[in-house]
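Descriptive structure summary
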Amino acid sequence: MTPAARTQAAIELLDAIITGTREGGAAADTLIARYFSTRRYAGSKDRRAVRELVYAAIRACGEPPVSGRAAVRLLAMTHEGLASTFDGSAHGPALLGADESVAAPGIVPAWIGAALDRSGVPAAEWPALVDRAPLDVRIRQDADSAAIFAALPQAEPIPGLGYGIRLPAGTDVSALSGVVEVQDAGSQAVSLAADASPGMTIVDLCAGAGGKTLALGDAMGGQGRIIACDVDRARLSRLAPRAAKADLSIVETRLLDPGREAVELADLAGTADVVFVDAPCSGTGTWRRNPEARWRLTSDRLRRLVATQAHVLDLAAPLVRPGGALVYVVCSLLDDEGAGQINEFLSRYPDWQVSAPMLPFGRDHGRGRRLTPAHDATDGFFVARLLAPC
Ligand SMILES: C[S@@+](CC[C@H](N)C(=O)[O-])C[C@H]1O[C@@H](n2cnc3c(N)ncnc32)[C@H](O)[C@@H]1O
């Protein structure tokens, strides 16, 4: 592809991504993969260059831009070489017009900026929210770590995480699948708040495809019971093969029917040493990986998420045994979903106690702990640990 054709491809992709965020379409990564699956003429260098341009444009625009062309024009203001690709050639973008629109530079949409501000995340920390993330992986506790470091010579241990290593973004770890799990250091850290140990019964109430389930199972040394639940059949169906690959036979999955969860969980009432609630959230802490998600969030969607979080907390509480723990996690930095949600929980359940989660990262925030990309070089999280009355 010519440089101009790469620019045009990035513009077309950005148009699809912008529409996708407005209309609930697929994630940028999926749209990029689909785009190239029907354009076999694009070589790996073309794909990489287009992808980088697309993500640079997404990162540069806080508010959703009016078009892909306006977003790339913003980058072209400071990149002479890029501006020259608007050359009107056969497969390239039309020549630049003097008065066509250019996207405004920014980091987050104004309304989310105000919410971050109210949540005590200073503007100085916002650029890190959309920075590129490294590749973090968790090594299985029984794996031969010397062999893994030999296979991955650029690996660096992550201080504070016994089994976490950091690699340059894009490192291929597929040959080590089952022995290492791709998992952000923040996700690894918040799993430690469960203080999982062999023999426990843990309900992972919002298990999804099981990223944290596998970390909990590994910490349990494969002894005990994990009941991994979710309402999303497709996500949950990915868990069992992953658990099998990681030799974790203690994981059972339970697909819940939305609206009937309490009935379907009734047999577990009062039995769990830990109920782990990795609640559905706005994902404001994970924009490093999918920066277009900040264009997708609306105040209505946030309100619905906050209501769902309260609902899953109410499902979780009766499952905890007397004196057991409820661990609440969101990959969000907004207090409505984190510190505020826990305040609301404690006003509904006044006889529960707060217990400080022992984490290697983060800062105390509200009645829990918060990790931020700027402070901890991890995805952003809020985590709280609550103890049921004895
Ligand atoms: C943040 S994701 C979980 C990620 C997962 N724990 C991991 O580590 O990969 C939140 C999950 O909550 C699930 N969820 C939403 N409503 C739920 C409900 N009422 N009961 C159980 N799970 C629910 C969603 O389907 C989603 O998979």
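Residues numbered from 1 in each chain as written. Predicted model: local features only at pLDDT ≥ 70, side-chain atom pairs only at ≥ 80, totals over all residues.

Taken together, 20 residues surround the ligand, and among them Cys 206, Gly 208, Gly 211, Asp 232 and Asp 278 come closest. Of all the elements in the fold, those that place two or more residues in the shell around the ligand are helix H10 (211-219), strand E6 (225-230) and helix H15 (299-316). Of all the elements, H15 adds the most residues to the shell around the ligand, at 3 residues. (Near = placed C-beta within 6 Å. Helix = DSSP H or I, 4+ residues; strand = E, 2+ residues; numbered from the N terminus.)

A word on the pairing of strand E9 (residues 320-330). The element E9 is largely enclosed, with a buried count of 8 among its 11 residues. In terms of strand pairing, strand E8 (residues 272-278) meets E9 through 6 bridges, oriented parallel. Among the inter-strand pairings, Val 277 is bridged to a residue of E9, identified as Tyr 328. Bridge analysis of E9 against strand E13 (residues 381-387) gives 6 bridges, and the strand direction is antiparallel. (Buried ≥ 20, exposed ≤ 12 C-beta atoms within 10 Å, placed from the backbone. Pairing = 2+ DSSP bridges.)

This next bit is on the packing of helix H2 (residues 28-37) against helix H3 (residues 44-60). Across the interface, H2 lies against H3 with an axial gap of 12 Å and an inter-helix angle of 150°. Between H2 and H3, the angle falls in the class roughly antiparallel. Here H2 runs over H3; the crossing is right-handed. Seen from H2, the contacting residues are Ala 28, Ile 32 and Phe 36; seen from H3, they are Arg 47, Arg 51, Val 54 and Ile 58. Taken together, the residues that form the contact of H2 with H3 break down as 5 nonpolar, no polar and 2 charged. (Axes fitted to C-alpha atoms, helices over the stretch in contact; angles between N-to-C directions. Parallel < 35°, antiparallel > 145°, perpendicular 65-115°, else oblique. Left-handed = near helix turned anticlockwise from the far one by under 90°. Contact = placed C-beta atoms within 7 Å. Nonpolar A, V, L, I, M, F, W, Y, C, P; charged D, E, K, R; others polar.)

Next up on the list: the sheet that holds strand E3 (residues 164-167). Ordered by their spatial adjacency, 4 strands build an open sheet running E2-E3-E1-E4, and the pairing between neighbours is antiparallel. The sheet is open, and its two borders are formed by strand E2 (156-157) and strand E4 (180-182), each paired with just one other strand. Alignment of strand E1 (residues 135-139) against E3, held across 4 bridges, turns out to be antiparallel. Bridge assignment links Leu 135 to a residue of E3, and that residue is Leu 167.

This part takes up the UniProt feature "active site" (unreviewed entry) in the protein. UniProt marks Cys 331 with the feature "active site" (unreviewed entry), using the numbering shown here. Tracing the backbone shows Cys 331 in the loop between E9 and helix H16 (339-348). A residue is classified by how many C-beta atoms lie within 10 Å of it, and Cys 331, with 27 of them, is buried. Beyond its immediate chain neighbours, meaning those up to four positions away, Cys 331 contacts Cys 281, Gly 283, Gly 285, Thr 286, Asp 379, Gly 380 and Phe 381. (UniProt positions renumbered as here; feature names shortened; annotations may be inferred.)

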